Amino acid sequence: MSTVESRTRIGAGVNRVDGPRKVTGTAPYPMDFSVPGQAYGALVQSTVAAGRIVRMHTEAAEAAPGVISVLTHENAPKVGTGPTTVLGAAPPPPLRNDRILHHGQHIAFVVADTPEQATAAARLVRADYEATEPLLDLQDPRAEQLVDPWGTDTSRGDATAALKSAEVTLQATYTTADNTNNPLGLFATLATWEGDTLTVHDTSQWPSMVRTTLATVFGIPESSVRVLVPYVGGGFGAGLRVWPHVILTAMAARMIKRPVKLVLTRPQMFTSIGHRPSGVQWLSVGATRDGELVALDHRSLSSLSMEDNDYEPFTSATSFAYRCPDVITQDRQARLNVAVPTSMRAPAEAQGNFALESALDELAHQLRIDPVELRLRNHTDVDPRNGLPWSGKALLECYEVGARRFGWSDRNPEPRSMRDGNWLIGYGMASALFPYFAQPCAAQATVRRDGSALVRSAAADIGTGTYTVMAQLAAEELGLPLDQVRFDLGDSDMPHSMMAGGSGLTGALGNAVHDACRRLLRQFAELAHDDADSPLRGFPPDDMECTDGRIHPTGRPDLGETYADILARHGLTELTANGNSTPPVPTELGMSLAGAYGAKFVEVRVDAELGLIRVARVVSVIDGGRILNEKTARSQIIGGTVGGIGMALFEDTATDPRTGRIANGTFADYLVAVNADIPDLDVVFVGEPDRATATGTKGVGEVGLVGIAAAIANAVHHATGKRLRDLPITLDALL
């Protein structure tokens, strides 16, 4: 399939079309919405991590000023369980029984006339517990383990035998911490019922899924549910599920027959909307003395809550990241008394890449081969799983450009050999990839009598620039100036969209927008084809394009007419077309679907006496396929890099090993990277449009984070000679 050729509106660093609303404070985020007569909700949370509730004490709360209702498992209506999605099963419904599965579990929901009254009354609710010892240690032998929970384990060749016969072997264990998504915007829900019709404003990355889930939970048709998410306020994966607090808010609104609004507190964000699961990974590598990989054995164990399923196959990319004949990957999950884990930016790949790319750096050091050269020797242009060529892979160019821009050739390979005064200098690098992901998507395009266009889809823009790049793409396809095109999203009544996650939305939605615009152009051409008054009469509808609002035969801009002319002559106020996209099938294409690739180069400085680590430089070279907007794409890589620095050096959701309480559940205690921690970040895009789809795009939202933690760990080893295999890397580990 040939890709679309860019004319003028694609690729340039166009400013965000939603930027003015954001910088002037007029962009409505979920917590900003209010409706007349609304009540307010407040959560009551468990103070133990395991056991059961013996008795709820709600009398004082019910008698408090302004209180309308107090919901507990004793009086809450029973609701259904949400449907399973491509990301796994829905979280368990709230208030369904007396069991306690984790510290901070929702055990009551107070509704009052004001938020202050609801919060005050929530503090009056008490519970008597029959507590049991919680399971909190990932490697506790008592914890139930799920083996190959998603059917993603792989085995190619005989890795066990190949490791035994390999000339060089390496074995290592790597651990990654529980991280919390922590978007700046607090998650909020506003639910309004009119009879059996439900309208919800929610913090979500997937309005279409919220609609389906709420319809299932409350037993009403999907057509009776509308979900509105014009702006999100950040998500990083936390908005990919319908969390119990959303169902509680809608449940309470239905019971009291008034709209109900809930805004989570920052500590509640740590227990209510997921987190990156902690994990342990065991990696064995076999190679020749020349550095050719002969065997990879990669296994993981990650945390899972007691009654939920989170899709997080840490090891899966190891099966195709490099050329290696004998590979085994295995993932397991351990059920613990922890809050439900969920996707967090670059899910699975962030953790799995840290282990794999650290191990390759260790192998390179052991063999005394340059780390870049080691990766070059094991590069593959075909998918090792099926032998098909990749639809687009410019990883070799990423290495070459990155090494040159970074000055990798200046690196003295000996650890502790580079110094600036008291600062030990380290250079580290890592490969990065995020696998192809897409789901079916739909869009609708309309051109009006005034020549302007409206394109719509029920997608979400979590800050990635969807409003902007889809308007650019539609303007390109329809041949209109950008200021004549508006893209609307965030409304489940619009055509169905996949989630804003997994680096899949730009490709899937872009292909749907492309299809809708092409269909619309054809409709105009068909109207003109049989019109005696049209200069386009008789010209084939399939051989038309549009320039500056004028439809004309391909390559003949002198012969044509405007959209407005055609609509006016046919007495139409507008013309509309619907478009769809579905993920391509590799066997039909004869190509394996390639996600985004990259190479990350990092310089760190480590204080020789104090162990302080400073990231001095980062160069990220990315193969993102066809870049629709270099400015917003670069912003995505920068944001991912900042998250990767946080993962490597700061972020660790600390759980009390006795009680299961999160001990650092505020921004005062949970460390994230701030401006002072971030140097100037160099981002470069390379490669060609991906051959698998019409638009040629790849997502870049996730790949920006992948590889950063490994590159930093590798740089720290180069600077200090100490190999640290546990994240985050803190100064006490270096002392």
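Look up: the structure comes first, before these words.
Residues numbered from 1 in each chain as written. Predicted model: local features only at pLDDT ≥ 70, side-chain atom pairs only at ≥ 80, totals over all residues. Heavy atoms only, no water.

Trainee: When you look at the overall build of the protein in this model, what are you seeing that I'm missing?
Mentor: Scanning the protein from N- to C-terminus turns up 17 helices and 28 strands. Relative to the globule expectation of 27 Å for 735 residues, the C-alpha radius of gyration of the protein, 27 Å, shows essentially globular dimensions. Counting all 735 residues of the protein, 61% fall into the buried class. Put simply, of all contacts in the protein between residues at least 6 apart along the chain, 81% involve residues at least 24 apart. When the accessible area of the protein is evaluated, it comes to approximately 27400 Å², of which 50% is carbon and sulfur surface. Looking at charge distribution, the protein has the averaged site of its 65 positive side-chain charges lying 2 Å from that of its 85 negative ones. (Helix = DSSP H or I, 4+ residues; strand = E, 2+ residues; numbered from the N terminus. Rg over C-alpha atoms; globule rule 2.2 N^0.38 Å. Buried < 20%, exposed > 50% of the residue type's maximum accessible area, 1.4 Å probe, protein only. Contact = heavy atoms within 4.5 Å. Areas by Shrake-Rupley, 256 points an atom, 1.4 Å probe, with all protein chains shown as cover. Lys, Arg positive; Asp, Glu negative; His and termini not counted. Charge placed at Lys NZ, Arg CZ, Asp CG, Glu CD.)

Trainee: What should I look at first to understand the packing of helix H8 (residues 349–367) against helix H16 (residues 708–720) in this one?
Mentor: Any two packed helices are characterised by the angle at which their axes cross and by the distance between the axes. With their axes 8 Å apart at the nearest point, H8 and H16 run at an angle of 30° to one another. Between H8 and H16, the angle is such that the two are roughly parallel. Remark: the crossing between H8 and H16 carries right-handed chirality. Here Asn353, Phe354, Glu357, Ser358, Asp361 and His365 of H8 come into contact with H16, specifically with Ala709, Ala710, Ala713, Asn714 and His717. The residue makeup of the contact of H8 with H16, split by class, is four nonpolar, five polar and two charged. (Axes fitted to C-alpha atoms, helices over the stretch in contact; angles between N-to-C directions. Parallel < 35°, antiparallel > 145°, perpendicular 65-115°, else oblique. Left-handed = near helix turned anticlockwise from the far one by under 90°. Nonpolar A, V, L, I, M, F, W, Y, C, P; charged D, E, K, R; others polar.)

Trainee: I'm lost on the packing of aromatic side chains in this one. Help?
Mentor: We describe a pair of aromatic rings using the distance from one ring centre to the other and the angle between the two ring planes. This structure, assessed with the given rule, holds 14 aromatic pairs. Of the aromatic side chains, those joined through ring pairs into one cluster are Phe406, Trp408, Tyr427 and Phe601. Lying across the ring of phenylalanine 406, arginine 617 places its NZ or CZ 4.0 Å from the centre. (Phe/Tyr/Trp six-rings, centres within 6.5 Å; stacked < 30°, edge-to-face > 60°. Lys NZ or Arg CZ within 6 Å of the ring centre and 35° of its normal.)

Trainee: What is the right way to look at the pairing of strand E23 (residues 550–553) in this model?
Mentor: Residues in a regular strand point their side chains to alternate faces of the sheet. Sheet topology note: the strand E22 (residues 544–547)/E23 ladder contains four bridges and is antiparallel. Across the sheet, residue threonine 547 finds its bridge partner in E23, namely arginine 550. Summarising the sheet, E23 and strand E24 (residues 561–562) pair through two bridges and their orientation is antiparallel. Note on E24: the bridge partner recorded for arginine 550 is threonine 562. (Pairing = 2+ DSSP bridges.)

Trainee: It is not clear to me how the pattern of salt bridges should be interpreted in this structure. Could you clarify?
Mentor: Side chains carrying opposite charge are able to pair once their charged atoms draw close together. In total, this model carries 38 salt bridges according to the counting rule given. Arginine 99 is the partner of glutamate 307 in a salt bridge, and the nearest nitrogen-oxygen pair spans 2.2 Å. Here arginine 99 lies in strand E4 (residues 99–100) and glutamate 307 lies in the loop between strand E15 (293–305) and strand E16 (326–336), a separation of 208 residues in the sequence. Judged by its relative accessible area of 39%, arginine 99 falls in the partly exposed class. (Salt bridge = Lys/Arg side-chain N within 4 Å of Asp/Glu carboxyl O.)

Trainee: Got a minute to help me understand the sheet that holds strand E26 (residues 596–607) in this structure?
Mentor: The pairing of strands in a sheet comes from backbone hydrogen bonds and takes either a parallel or an antiparallel form. Overall, mixed pairing links the five strands, which are arranged E17-E18-E26-E27-E28 in an open sheet. Every other strand in the sheet has two partners, leaving strand E17 (419–420) and strand E28 (681–686) as the edge strands with one partner each. In this sheet, E28 lies alongside strand E27 (residues 613–623) in parallel orientation, the contact comprising six bridges. The residue of E28 that forms the bridge with aspartate 623 is valine 686. Across the face of the sheet, helix H10 (residues 395–406) comes into contact with strand E18 (423–434), E26, E27 and E28 while running at roughly 30° to E26.

Trainee: Help me understand the nonpolar core in this model?
Mentor: Note on soluble globular proteins: their nonpolar side chains tend to be buried together. Within the largest apolar cluster, 92 residues are counted, with the highest numbers of intra-cluster contacts made by Leu214 and Val513. In terms of residues, this core owes the most to one element, helix H12 (residues 505–529), which gives 12 residues. Not counting residues up to four positions away in its chain, the partners in contact with leucine 214 are Leu198, Val200, Val225, Val242, Val246 and Ile247. Counting 90 residues, the second largest nonpolar core, distinct from the first, contains Ala599, Ile645, Ile712 and Val716. (Core = buried A, V, L, I, M, F, W, Y, C linked by side-chain atoms within 4.5 Å.)

Trainee: I'm lost on H16 in this one. Help?
Mentor: Residues separated by three or four positions in an α-helix point in the same direction, a consequence of the helix having 3.6 residues per turn. The first and last C-alpha atoms of H16 sit 18 Å apart over 13 residues, in line with the 18 Å expected at 1.5 Å per residue. The buried fraction of H16 amounts to 13 of the 13 residues, a majority that puts the element mostly inside the structure. Positioned one or two residues after H16, glycine 721 has a phi angle of 80°, which is positive. (Expected span 1.5 Å × (residues − 1).)

Trainee: How should I be thinking about the sheet that holds E24 in this particular structure?
Mentor: Read from one edge of the open sheet, three strands run E22-E23-E24, paired in antiparallel fashion. Of all strands in the sheet, those bounded by a partner on one side alone are E22 and E24. Those strands touched by H12 are E22, E23 and E24, and its axis lies near 105° from that of E22.

Trainee: I tried to follow unusual backbone geometry on my own but got confused; where do I start?
Mentor: For residues other than glycine, phi is negative in most cases, and the peptide bonds are mostly trans. Going from leucine 727 to proline 728, the amide bond is cis rather than trans, its omega being 0°. The backbone phi angle of arginine 368 is positive, close to 60°, even though this residue is not glycine. Relative to the elements of secondary structure, arginine 368 occurs in the loop between H8 and helix H9 (371–377). For arginine 368, a relative accessible area of 64% puts it in the exposed group. Residues other than glycine seldom take positive phi values, yet serine 503 does so here, at roughly 55°.

Trainee: So what exactly am I meant to see when it comes to the side chain of glutamine 444 here?
Mentor: Tracing the sequence through the fold places glutamine 444 in strand E19 (residues 441–448). Here the side chain of glutamine 444 touches asparagine 578 through a polar contact of 3.0 Å, side chain to side chain. Once residues lying within four places of it in the same chain are set aside, the contact partners of glutamine 444 are Leu454, Val455, Arg456, Pro495, Ala516, Thr576, Ala577 and Asn578. (Polar contact = N/O pair within 3.5 Å; in protein donor to acceptor, adjacent residues only side chain to side chain.)

Trainee: So what exactly am I meant to see when it comes to the packing of helix H5 (residues 207–218) against helix H6 (residues 244–256) here?
Mentor: With their axes 11 Å apart at the nearest point, H5 and H6 run at an angle of 50° to one another. Taken together, H5 and H6 sit at an angle that is classed as oblique. The chirality of how H5 crosses H6 is right-handed. The residues of H6 that touch H5, namely those facing Leu214, Val217 and Phe218, are Val246, Ile247, Ala250, Met251 and Arg254.

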